[in-house]
Amino acid sequence: MELDLVEQTLLATRPCTSVGTMQLIPPSSSKSSKPAKHKMALADSSGRITLYEIRKSEVSTVFTNESLLNSNAGGTGGPRDSDLGDMAGGEDTISSNLGASRKKLGSMFSAQSSDSSLAGGQHNGGVKSIALGGNAGKRDKIFATNGSKIIGLSRKGKPFFSLTSNSSESTEQILVQGSTIWCRQTGGGYTKYTNGEETEFYQVAEGVNWLEYENLVNDDNTESEDHLDALLGCQDRSIRVIRNGECISNLGVDVNVTSLGCYDKNKIQPGPKRVVFGTSSGTVAMLRVDQDGAGAHGWAISAKSKARGMVNVLTFSDISKDGVDDIVVGWEDGSIEVLGFDVNPDLPQTQFSANLGESVSSLAVGRLSNAEFEEIVCVGFSGKVVSFTNEPLNTKDASDVHGRTHAKINNENKIRSLQKELGELESKISQKRTQLTAKERAAQRDIAEDGGDDRDGPSVMLPTFDAKTIFALDEEEAAYKISVEIPLEMNLVLLASSVSVDLLDSDTSTATVSRSPPPPDSDLKLCACYRMVEGGSRLQMKIRTTEGEYGEITATIVGNSVPTKSAVVVKLPVKPLSLHCRAVAFREDELQRELNVLTLRGSFSVNVAHEWMRACVPEIPPYVESDEVKAWTFRNVFTGSILKVTYEKDLMRVESDNLSTLAIFKECVSRESMRRRVHVSDSVEVKESTIPGFLGLLHNRLQHLLALSRQVEIIESLKEINNAEAGDTAWMSQEYVEILKNADAIKAEHKQRPMLMNYLAGIITDLFVDRHKLRGVDVRHRIPELQGLINNYDGDALLSVFSDQFEG
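What this report covers is the structure whose coordinates are included nearby.

Parameters and conventions
- Residues numbered from 1 in each chain as written.
- Predicted model: local features only at pLDDT ≥ 70, side-chain atom pairs only at ≥ 80, totals over all residues.
- Heavy atoms only, no water.
- Pairing = 2+ DSSP bridges.
- Helix = DSSP H or I, 4+ residues; strand = E, 2+ residues; numbered from the N terminus.
- Axes fitted to C-alpha atoms, helices over the stretch in contact; angles between N-to-C directions.
- Core = buried A, V, L, I, M, F, W, Y, C linked by side-chain atoms within 4.5 Å.
- Buried < 20%, exposed > 50% of the residue type's maximum accessible area, 1.4 Å probe, protein only.
- Contact = heavy atoms within 4.5 Å.
- Salt bridge = Lys/Arg side-chain N within 4 Å of Asp/Glu carboxyl O.

## Notes on the sheet that holds strand 30 (residues 384-389)
So, point 1. Strand order in the open sheet formed by four strands is 1-30-29-28, with antiparallel pairing between adjacent strands. Strands with a single pairing partner mark the edges of an open sheet, and in this sheet they are strand 1 (6-12) and strand 28 (360-366). Each adjacent strand pair in this sheet contributes to an overall mean axis angle of 20 degrees, direction not counted.
So, point 2. Both strand 28 and strand 29 (residues 375-380) contribute to a ladder of six bridges, which runs antiparallel. Considered in strand 29, the bridge of Ala364 is made with Val377.

## So, the nonpolar core
So, point 1. Counting 92 residues, the largest nonpolar core has Met613, Tyr647, Met652, Phe665 and Ile764 as the members making the most contacts within it.
So, point 2. Setting aside residues up to four positions removed in sequence, Met652 forms contacts with Leu598, Thr599, Leu600, Phe604, Ala609, Trp612, Met613, Val645, Thr646, Tyr647 and Phe665.
So, point 3. Counting 32 residues, the second largest nonpolar core, distinct from the first, contains Cys262, Val338, Ala354 and Val386.

## Brief notes about the sheet that holds strand 3 (residues 39-43)
So, point 1. Spatially, 2-3-4-5 is the arrangement adopted by the four strands of the open sheet, whose pairing is antiparallel. Edge strands, defined here as strands with exactly one partner in the open sheet, are strand 2 (22-25) and strand 5 (58-65). Adjacent strand axes in the sheet meet at a mean angle of 25 degrees when their direction is disregarded.
So, point 2. Relative to strand 4 (residues 49-55), strand 3 runs antiparallel, the two sharing four bridges. Note that in strand 4 the partner of Leu42 across the bridge is Thr50.

## Things to note about the pattern of salt bridges
So, point 1. Summed over all chains, the structure comprises 38 salt bridges.
So, point 2. For the salt bridge of Arg155 with Asp140, the shortest nitrogen-to-oxygen distance reads 3.8 Å. Taken as a pair, Arg155 in the loop between strand 10 (149-153) and strand 11 (159-165) and Asp140 in strand 9 (residues 138-145) lie far apart in primary sequence, 15 residues in all. Each member of the pair Arg155 and Asp140 is classed as buried.
So, point 3. For Glu374, the salt bridge identified is with Lys321, shortest N-O distance 3.5 Å. You can see Glu374 sitting in the loop between strand 28 and strand 29 and its partner Lys321 sitting in the loop between strand 24 (311-317) and strand 25 (326-331), a full 53 residues away along the chain.
So, point 4. Here the residues in one salt-bridge network are Arg587, Asp589, Glu590 and Arg635, joined through shared partners.

## As for the side chain of Asn491
So, point 1. Secondary-structure assignment places Asn491 in strand 33 (residues 490-497).
So, point 2. According to the relative accessible area criterion, Asn491 is buried, its value standing at 16%.
So, point 3. Apart from residues lying up to four places away in sequence, Asn491 is in contact with Arg531, Met532, Val558, Gly559, Asn560 and Lys565.

Following this line, the structure appears as structure tokens:
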């Protein structure tokens, strides 16, 4: 059943750059049988926490709290004993500084725990997360964190709780139940506080992207925090179940988990609980987790468009009123969907979809605008708050004498409110302009008196902004996607790269691309400008890196700020084996492949070997948790080759079916070992059968590119014949019919053929050079001959160049 929801814009506030900074507070208990409305607690990147309510279609502010405004990033002081009392019910101001109980791993290391980052901007601290807490059935207390400090506010805005940690890690997400607070930190830390005291700590080296709690043991006391387990959505393609500070289960999934929700939260029912999660590829899937933490995969729904990006948030509510909770999902590109079980109880179907036009930061379902109708309330990256309600706003209001619709009345009320607000803002701007003019005149007088030297004069800071950037490898397209979003209109993005990259077409790009030759005195290999044509605050670019090269890509994001354009610069690192992604496990056919082996020996520790891994391959955590033997498996997303690395003290073993991968790894370790002045000896065991095996992985791509050229050559002839036959294709072979049907797509793909052919030629040439280099033979003078064989591809002829006879 399709849902008919009407969109309405509620308000626009400061940018909300963090995910999960909005909650709907349920109405207070009342003797009246009439339903009451929710209130909205919203925190932004400036550090302000505001409680809003809607009266007569107008948004009004209940209170604004600035306790976290411009707070220091670090903690203050050491541990102090304090009786926190009952967080859920008490409202006495309490403070606690925690830090002495921090475990070693949590304080020593810090890492980025997701594919996204914020750069620039003076407000990129702000409020990281807010949560609701309180007694059972009355969750009306607001808890918020800015990374180092957690505060609690009553529904009237009165502070009653404060907790400060001097950990080096920033708290990115909090959950509250009774007197317990669950925290997710950068660097993969998870901490549980009970009555202000740290009772659990767990560290995930790869990073944690989402935190949730659930009563997996199905104990009757659902409100007791003692029976609640923590579920961690991790960056290493897994969901961990934490009980009493220990990991009781590590459930593997195909891609990184970016959002997580418990569908059966706090429900007492037999059997396993359903856990719904979103991934970095945009997939929404379900796991069944039993009381022992064991999991079984259920349904999975892929993103309808690759441009959607990662799943940011999800929540559950019975919007369709069929007695079964629906799943509301928000994606990185602003897409919002309601997935319901009306049609199929075993697989949810899309019942409603919309798009905010900017990434979704928060989602909640409640009765905010009208006590009679539920709505989905969404907060965007720029601070825009929109709702989708089942209230029939397009029908006439029976109480209105002018016969206006509900929507028109609401809009008129909002216009009056905005006009009033605009007048107040104009007055403030006028005052600030007068003050600034006076300062500038005084500065000019001082400069004149000092003989024109303005070094000590006052300076006017340009306005700055937060830029959210995502630099992630798309495994299906074998390319990196660079997604950039700012809370104002974007003017252009400049890309400068110290490594060779191919710029690929992006279906969702709203910008024109121009390339310029790099300056002759620089190390840059790419200079490109993406200029916005139709405006907008979000841009997605697509590039393909070349393995063997390492460096960084610099993105300069220019916004249309007033009065002068300002920019934010973001650095994106590129590793030597940049197209390798983590593989949870190899497929059966991959396990049957023979592998070349590179063995590295020397006097080095496990930590040093791990640093070499980090320098060479992406998706490696910043540290190792023990000195035991480590093993990693990877897959090249472009060629399909595999890589396995194991290391221990004084020994590394690198295995791959691509000799070039081993050559790149060896070069990287040599560079890093020289920097550390560590002597490393190496030996390579070459399996000749891996060469035809690897070339076989490229065979289909090469054949397809050759077929494209032939198809493009006959498209116009087929069209002429088809027109002469009045569109009758019955006489044509199925191959020709498909060519005619997909003519436009074939032409578009053929435009990319030269670039892709050159890329494949580079891979084969590298393999050719590396193969013979290991035999001590220099064959660079035979490369032109090899290029000719690649352009006129023949599998047997190409394979012959790797034989001994071709070394002369």
